[in-house]
Amino acid sequence: MAHGTVTQKIIDAHFVSGSRVPGEPVAIRIDQTLTQDATGTMAYLELEAIGTAKVATELSVSYVDHNMMQNGPENRNDHLYLQSVAADKGVIFSPPGNGICHQLHLERFGLPGKTLIGSDSHTPTGGGIGMMAIGAGGLDVALAMAGKAFHIPYPKVIGVKLTGKLQPWCAAKDVILKLLSILTTKGNVGCIVEYFGDGVASLGVPQRATITNMGAELGVTTSIFPSDETTLRWLKQQHREEGFVALAADPDAEYDRVIEIDLDTLQPLAAAPSSPDNIVKVSDLAGKKVDQVLIGSCTNGGYRDLALVAMALHGRRISPDVTLAIAPGSRAVLEMLASNGMLADLVAAGARILEVGCGPCIGQGQSPANDTITVRTFNRNFAGRSGTKGDQSYLVSPETAVATALTGVFTDPRMLGFAAPVPEEPAEFINEDALLQQPKAGTLIVRKPTIGEPPRNAALPEKIDGVVVIKVGDKITTDHIMPAGVHLKLRSNIPAYSKVVFECFTVNGKPSFAERASNVRDSGRHGIIVGRDSYGQGSSREHAAICPMYLGVKVVAALAIERIHRANLVNFGIVPLLFDDVAQYDAIEEGDAIEIDRIREQLAEGKGVCGKLRKADGSVKELSFHHTLSREDIDIILAGGRLNVK
Ligand code: MIC
Ligand code: SF4
């Protein structure tokens, strides 16, 4: 492989076309794809719409892990569609109950040096075994399955040098929380985080995967660890060592920025409500009453983490003042805990064992009571994501979670008064491959009545005759735009799901965003969304573009738009514009008119776009925007989205 960082080496080995200048687009070949059910149904409908008979990747896997409550027929209808379309198109299918896509992919399929894109923002979990694993919208994953290259901005590489060794009760989660306190969730678009230094060797693959998983919250393209002896050991435990390759940055590799984290001095940390970068020390929270503790998710649902929790709970009981629920990350993890007796320890201690899957992480059950604190080993604490308005979600390590469950108040695990358990690495993992379903060409695709068609946009008009349907502030996440929780089952039903766009901003008795936007659309004008910094953080859900598109939105204007969301807007023909300065944003109010003449020509001519702001009092002001669209992006937008481009 070429010279430089691990990032540069993998890109070089997969280079298709483009530039090696940071920020400029580069197209890379994709070896593997993954999808999950909540985004996957749309992704496979799109795969069908682009006319793909059989996937062209080395490996594609379809997981069912999100929508498993089956309240009503929608979830199971999706599963049956996913199972049959996977078989027909050459995709391995993982049925509900097998595991969370990222955990299972790490166990059974991920390989160092390979590229993976997944229709889920936590796909970078695979960076824990040295793969370049990137989250993307469903349509980009469908295109990769069809054999098309994937475009990313050629990355800036942030080198994170790890030194020392984690001290007892301090965890991999604390490493990523520390990094979030430094880099925050905004301003990192176009970067890849690469770990190096002596401290790397002390972290096992599951710990590395926790770190790369939650790297998604930094807003970077992905995060990656080198591939070394530890990686080989993991692959041996999975009986997959034939896929091992060693990978490390060259000693003279140059990083665009270096951040040093000394593992020796790290202490237990928490992300306080309601952003993953609102970092505080657990010791500063000590004694604060907690009502609920939840352990699991793709960040901390692996064997090592749950074994640690079981060992800490062995012979003890949780506080009567909390509920503790645990959702294992994969069937293999649950089965291993069951066969070595640890599951019995968890149950005896008072834990509620949930189904293997995402569960409460995406608001599928376990919503906290009003005005109570919930402590979670998950990766996101965005306001309302738990299913309770005004929730107070804290994100912590399994170590801190179990200490808190034992006492009923925030507890720095170092204060528990007993030694930190050190789970033994299993010599081998239970292998559940028999429950993975292999493809069978010619399978009849099952389409129950809730399976719709992917909606298409019309070509971009000559002029935007726009109305600002909503103006929002900084750090608007895709959970704000398109809530999940109880609405998650509507993912294959765009007209119904569109009704809850920006639901969290609905004021009782006032028309909802959906009503306002459809009124604008039905009057023949165009909806505009105005955001501030870091618009579209968080998940990869392309519904945050598809549903606004369905409601007639043509432009999203903000100070900055996050990578995956921006790509989704382009894919569905919505123009992502950036304000030239904050004064432009400040001048706008909800309900104002924005006109952009000759938008098609303006996009094609250069990077600047100008428009007119017309206020209710008749006053008019010039507006200036810019864009960072490539030639290909512009062609897609002009055509009204990727599905309209041949
Ligand atoms: C999430 O954690 O927000 C999700 C649910 O996994 C999303 C995908 C989705 O919305 O279906 C993600 O992270 O991309
Ligand atoms: Fe599932 Fe939560 Fe991970 Fe998203 S972050 S994939 S909802 S476990």
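Quick note: structure is the one above.
Summary of the structure given here. If you're wondering where the values come from, they're calculated on a predicted model, not measured in any experiment.

### Some thoughts on the overall build of the chain
- Helices and strands together make up the secondary structure of the chain, namely 22 helices and 26 strands.
- Overall, the chain is about 70 × 55 × 50 Å in size when its C-alpha atoms are taken along their principal axes.
- Taking contacts inside the chain between residues at least 6 apart in sequence as the whole, the part at least 24 apart equals 76%.

### Here we look at the pattern of salt bridges
- Applying the stated criterion to the full structure yields 29 salt bridges.
- Salt-bridge contacts for Asp474 lead to Arg532; the nearest nitrogen and oxygen are separated by 3.2 Å. Of the two residues, Asp474 is situated in the loop between strand E20 (464-471) and helix H15 (478-481) and Arg532 in the loop between strand E21 (526-530) and helix H18 (543-550); the sequence distance between them amounts to 58 residues.
- For Arg532, a relative accessible area of 26% gives the class partly exposed.

### Examining helix H14 (residues 398-407)
- Taking burial as the measure, the 10 residues of H14 include nine buried ones, the bulk of the element.
- Every buried residue of H14 is listed here: Pro398, Glu399, Thr400, Ala401, Val402, Ala403, Thr404, Ala405 and Leu406.
- The first or second residue beyond H14 is Gly408, which carries a positive phi of 85 degrees.

### With respect to the sheet that holds strand E8 (residues 150-153)
- Judged by pairing direction, the sheet is antiparallel, and its three strands sit side by side in the order E1-E2-E8 without closing on themselves. At either end of the open sheet lies a strand with only one pairing partner, and these are strand E1 (15-18) and E8. Geometrically, the sheet is characterised by an average inter-axis angle of 30 degrees between neighbouring strands, direction not taken into account.
- Direction of pairing for strand E2 (residues 25-28) relative to E8: antiparallel, over a ladder of four bridges. Following the sheet pairing, Ala27 is matched in E8 by His151.

### Here's the deal with the packing of helix H2 (residues 37-49) against helix H5 (residues 138-145)
- Contact pair H2 / H5: the axes reach a minimum separation of 8 Å and the direction vectors enclose 50 degrees. As summarised for this structure, H2 and H5 are arranged oblique, according to the angle between their axes. The handedness of the crossing between H2 and H5 is right-handed. Contacts between H2 and H5 involve Ala43, Tyr44, Glu46 and Leu47 from the former and Gly138, Leu139, Ala142 and Met145 from the latter.

### As for helix H6 (residues 172-183)
- With 12 residues, H6 should cover 16 Å at 1.5 Å per step; its first-to-last C-alpha distance of 17 Å lies within 8% of that length.
- Most of H6 sits inside the fold, with nine of its 12 residues counted as buried.
- Positive phi appears at Thr184, one or two residues downstream of H6, with a value of about 60 degrees.

### Details of the site of ligand 1
- Near ligand 1, the surroundings consist of 14 residues, among which Asp120, Ser121, Arg491, Ser540 and Arg541 are the closest.
- Contacts to ligand 1 include Asp120, whose side-chain N or O atom sits 2.7 Å from an oxygen atom.
- When the free accessible area of ligand 1 is taken as 340 Å², the share hidden by the protein chains comes to 97%.
- Its residues assigned to classes, the shell around ligand 1 comprises two nonpolar, seven polar and five charged.

### Some thoughts on the sheet that holds strand E9 (residues 156-163)
- The four strands are arranged E11-E10-E9-E12 in an open sheet whose pairing can be described as parallel. Of all the strands in the sheet, just strand E11 (222-224) and strand E12 (257-262) have a single pairing partner and so form its edges. Sheet twist, expressed as the average angle between the axes of neighbouring strands with direction ignored, equals 20 degrees.
- Relative to strand E10 (residues 191-196), E9 runs parallel, the two sharing six bridges.

### Brief notes about unusual backbone geometry
- Pro273 connects to Ser274 through a cis peptide bond whose omega is -10 degrees.
- The backbone phi angle of Lys475 is positive, close to 50 degrees, even though this residue is not glycine.
- Looking at the element boundaries, Lys475 is found in the loop between E20 and H15.

### Focus on the site of ligand 2
- Every residue close to ligand 2 is listed here: His66, His102, Asp120, His122, Ser297, Cys298, Cys358, Cys361, Ile362, Asn379 and Arg385.
- Tallied by class, residues from the shell around ligand 2 come to four nonpolar, five polar and two charged.

### A short note on the nonpolar core
- Counting residues in hydrophobic clusters, the biggest one holds 71 residues, and the most contacted among them are Phe502, Phe513 and Tyr535.
- Counting residues per element, this core draws most heavily on H5, which supplies six residues.
- What Phe502 contacts, discounting residues up to four positions off in sequence, is Ile470, Val472, Ile476, His480, Ile481, Phe513, Ile529 and Tyr535.
- Counting residues in hydrophobic clusters, the runner-up holds 57 residues, among them Cys101, Val205, Tyr303 and Ala403.

### So, the layout of surface pockets
- Each pocket or cavity is described by its volume, and for the largest pocket that value is around 1,000 Å³.
- Around the largest pocket sit 43 residues that line it, and Pro153, Arg563, Arg566, Thr628 and Asp633 are the ones nearest its centre.
- Those elements that provide at least two residues to the lining of the largest pocket are H5, E8, helix H19 (563-571) and helix H22 (631-639).
- Examining the composition of the lining of the largest pocket, we find that six residues originate from one element, H19, more than from any other.
- Split by residue class, the lining of the largest pocket holds 21 nonpolar, 10 polar and 12 charged.
- If you add up the space inside the second largest pocket, you get close to 600 Å³.
- Together, 28 residues line the second largest pocket, and Ser202, Gln207, Arg304, Val422 and Pro423 are the ones closest to its centre.
- Listed by contribution, the elements that provide at least two residues to the lining of the second largest pocket are helix H7 (205-214), helix H8 (229-237) and helix H11 (303-313).

The rules behind the values
Each chain carries its own residue numbering, running from 1 in the direction its sequence is written. All chains are assigned letters beginning at A, and all ligands numbers beginning at 1, according to the order in which they are written. Where totals are concerned, whole chains, interfaces and linings use all residues; where local detail is concerned, this predicted model gives features only for residues with pLDDT of at least 70, and gives and counts side-chain atom pairs only at 80 or more. Side-chain metrics rest on all non-hydrogen atoms present in the structure, leaving aside hydrogens and water. A run of H or I in DSSP becomes a helix once it reaches four residues, and a run of E becomes a strand once it reaches two; helices and strands are each numbered from the N terminus. The contact criterion used is simple: two residues touch if any of their non-hydrogen atoms lie within 4.5 Å. A carboxyl oxygen of Asp or Glu within 4 Å of a side-chain nitrogen of Lys or Arg is what we treat as a salt bridge. When accessible area is computed with a 1.4 Å probe and restricted to protein chains, residues below 20% of their type maximum are described as buried, those above 50% as exposed, and intermediate ones as partly exposed. Pairs of strands are assigned from DSSP output, requiring at least two bridges between the strands. Between N-to-C directions, angles cover 0 to 180 degrees, with each direction set by a line fitted to C-alpha atoms, over the stretch in contact for helices. What sets the label is the angle itself: under 35 degrees gives roughly parallel, over 145 gives roughly antiparallel, 65 to 115 gives roughly perpendicular, and the rest give oblique. Helix crossings fall into two classes, left-handed where the near helix is turned counterclockwise from the far one by less than a right angle and right-handed where it is turned clockwise. A helix's residues, less one, multiplied by 1.5 Å, set its expected span. Any residue with a heavy atom positioned within 4 Å of a molecule or strand is treated as near that molecule or strand. Any pair of N or O atoms that falls within 3.5 Å is considered a polar contact. Within protein, one atom must be able to donate a hydrogen and the other to accept it, and sequence-neighbouring residues count only if both atoms are side-chain atoms. Computed with a 1.4 Å probe, the accessible areas rest on the Shrake-Rupley method; for each residue, only the protein chains presented here act as cover. For this classification, the nonpolar set comprises Ala, Val, Leu, Ile, Met, Phe, Trp, Tyr, Cys and Pro, the charged set comprises Asp, Glu, Lys and Arg, and every other residue, Gly included, is treated as polar. The criterion is simple. A nonpolar core is a set of buried Ala, Val, Leu, Ile, Met, Phe, Trp, Tyr and Cys residues joined through side-chain atoms within 4.5 Å. Here a cavity means grid points, on a 1 Å grid over the protein atoms only, where a 1.4 Å probe fits yet cannot get out; a pocket means an open set of points with protein on both sides within 12 Å along at least five of seven lines; lining residues are those with an atom within 4 Å of a point. Grid points are joined across faces, edges and corners, and a volume is the space filled by probe spheres set on the points.

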